[in-house]
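Structural characterization, general
Residue strings, one per chain:
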Amino acid sequence: LPDYFNKQMSVDKSINHILFNGNKAFLSCNFGILALNTEKREIKETYYIGANATEVKVLSTSIFQNNIYAASTSDVYVASLSDPYLISYEHWKKMSTLPGSGSIKMLLNFGDNLILLREGKLYKYGTDNVWTNLDVLNNYTNIVVAGDYLQCSTSTKNFLYNKQFTSVAISN
């Protein structure tokens with residue numbers, strides 16, 4: 001990645017999240033998504049997913065049901081993972097219905113669901129393509145997938161959920 005960090009750009013080059021998938025790594029950046037070929041150790045493509053190829057601050061990416069999802073602070077964009085034209089913004093669509101309101105912080109794949117952290121609340125999107133409340137009572141600050149578990153943190157507690165969304169551990 002030295003070429004990336006040495007390149008003259010007018011945008012912040014921060015990397016917000018990295019998703020590995022086969023021989024690719026998708027880097028969620030403050031302008032869009034960098035797709036890396038991990039075998040060749042090179043930048044394969046850059047995705048500017050906003051309208052008319054504008055920059056979008058991508059917080060995280062996730063793969064679910066052969067689609068790639070990209071979360072920004074206000075929207076979730078989706079495109080087919082097998083689409084050979086992911087570099088074209090026209091192939092990225094905003095999800096039309098998202099749960100809750102306010103700022104999005106993270107979108108992750110966990111089991112057979114996408115998990116959305118939005119304004120401190122958790123929502124899940126299953127194979128039925130419907131968003132449902134997962135936990136809207138706690139005020140979460142972070143979520144992380146760790147093996148077969150989803151770790152969800154508030155400012156005072158950590159919750160650990162299995163793939164059936166049963167709480168298996170809580171720590172203070």
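The structure contained in this document is the topic of the report that follows. (Residues numbered from 1 in each chain as written. Predicted model: local features only at pLDDT ≥ 70, side-chain atom pairs only at ≥ 80, totals over all residues. Heavy atoms only, no water.)

Details of the sheet that holds strand E5 (residues 60-64)
Stated formally: In this scheme, strands are said to pair when DSSP sees at least two bridges between them. Secondary structure follows DSSP: runs of H or I at least 4 residues long count as helices, runs of E at least 2 residues long count as strands, and numbering of each begins at the N terminus.
Across the sheet, which stays open at both edges, the four strands sit in the order E5-E6-E7-E8 with antiparallel pairing between neighbours. Bordering the open sheet on either side are E5 and strand E8 (93-94), each of which pairs with just one other strand. Two strands pair when backbone bridges link them, and strand E7 (residues 76-80) and E8 are joined in this way by two bridges, in the antiparallel orientation. Bridged to valine 78 within E8 is lysine 93.

Considerations on the environment of valine 76
Position of valine 76 relative to the elements: it lies in strand E7. Sequence separation of valine 76 and leucine 59 is 17 residues, and the distance between their C-alpha atoms is 9.9 Å.

As for the nonpolar core
Cut-off, in case you're wondering: Throughout, nonpolar core names a set of buried Ala, Val, Leu, Ile, Met, Phe, Trp, Tyr and Cys residues whose side chains join them through atoms within 4.5 Å. Each residue is placed in one exposure class: buried if its accessible area under a 1.4 Å probe, protein chains only, is under 20% of its type's maximum, exposed if it is over 50%, and partly exposed if it falls in between. Between two residues, a contact is recorded if the distance between any of their heavy atoms is within 4.5 Å.
One finds Phe26, Ile33, Tyr47, Ile49, Ile68, Ala70 and Trp92 to be the most contacted residues of the largest nonpolar core, which totals 16 residues. Contributing elements (two or more residues each) for this core: strand E3 (33-37), strand E6 (67-71) and E7. Once residues lying within four places of it in the same chain are set aside, the contact partners of isoleucine 68 are Phe26, Ser62, Tyr77, Val78, Ala79, Leu81, Leu86 and Trp92.

Notes on the packing of aromatic side chains
Filter applied, for reference: Geometry of aromatic contacts follows a simple scheme: Phe, Tyr and Trp rings, the Trp one being its six-membered ring, pair when their centres are within 6.5 Å, and the pair is stacked under 30 degrees between planes, edge-to-face over 60, tilted otherwise.
Scanning the entire structure with this criterion turns up eight aromatic pairs. Measuring from ring centre to ring centre gives 6.4 Å for phenylalanine 64 and tyrosine 69, while their planes differ by 55°; the resulting arrangement is tilted. Relative to tryptophan 131, the ring of tyrosine 125 has its centre 4.8 Å away and its plane inclined at 40°; by these criteria the two rings are tilted. Under the relative-accessibility criterion, tryptophan 131 is labelled buried at 13%. Following the ring pairs from residue to residue traces out a cluster consisting of Phe64, Tyr69, Tyr125 and Trp131.

Some points on the pairing of strand E13 (residues 142-146)
Of the strand pairs in this sheet, E13 and strand E14 (residues 149-153) are connected by five bridges, and their pairing is antiparallel. When the bridges of E14 are listed, asparagine 142 appears paired with serine 153. Adjacent in sequence and paired antiparallel, E13 and E14 are bridged by two residues, among which glycine 147 carries a positive phi angle near 65°.

Examining the side chain of aspartate 135
The criterion, for reference: Just so you know, the count uses Lys and Arg for positive and Asp and Glu for negative, and it drops His and the chain ends. Within this document, salt bridges are pairs made up of a side-chain nitrogen of Lys or Arg and a carboxyl oxygen of Asp or Glu, the two lying within 4 Å of each other. Any pair of nitrogen or oxygen atoms within 3.5 Å is treated as a polar contact; in protein, a donor-acceptor pairing is required on top of that, and neighbouring residues in sequence qualify only through side-chain atoms on both sides.
Mapped onto the elements of the fold, aspartate 135 is located in strand E12 (residues 131-135). No salt bridge is formed by the buried aspartate 135; the nearest opposite charge belongs to lysine 121, separated by 7.1 Å. Engagement of the side chain of aspartate 135 in a polar contact is seen with the side chain of asparagine 138, the distance being 2.8 Å. Among residues more than four places away in sequence, those in contact with aspartate 135 are Lys121, Leu122, Tyr140 and Tyr161.

Observations concerning the sheet that holds strand E9 (residues 104-110)
What counts, and what does not: Lines are fitted to the C-alpha atoms to define the axes, a helix being fitted only along its stretch in contact, and any angle between axes, read from their N-to-C directions, falls within 0 to 180 degrees.
Strand order across the open sheet formed by four strands is E9-E10-E11-E12, with antiparallel pairing between neighbours. Either end of the sheet is taken by a strand with one partner, and the two such strands are E9 and E12. Adjacent strand axes in the sheet meet at a mean angle of 25°, parallel and antiparallel pairs treated alike. Note that strand E11 (residues 121-125) and E12 share four bridges and pair antiparallel. Note that in E12 the partner of leucine 122 across the bridge is aspartate 135.

Digging into the pattern of salt bridges
Per the stated rule, a full pass over the model turns up two salt bridges. Here lysine 163 ties to aspartate 148 by a salt bridge, and the two come within 3.4 Å at their closest N and O atoms. Of the two residues, lysine 163 is situated in the loop between strand E15 (158-161) and strand E16 (167-171) and aspartate 148 in the loop between E13 and E14; the sequence distance between them amounts to 15 residues. The partly exposed category is assigned to lysine 163, whose relative accessible area is 39%.

Overview of the pairing of strand E1 (residues 15-21)
Direction of pairing for E1 relative to strand E2 (residues 24-29): antiparallel, over a ladder of six bridges. Residue histidine 17 lies in a different strand from E2, and its bridge partner there is serine 28.

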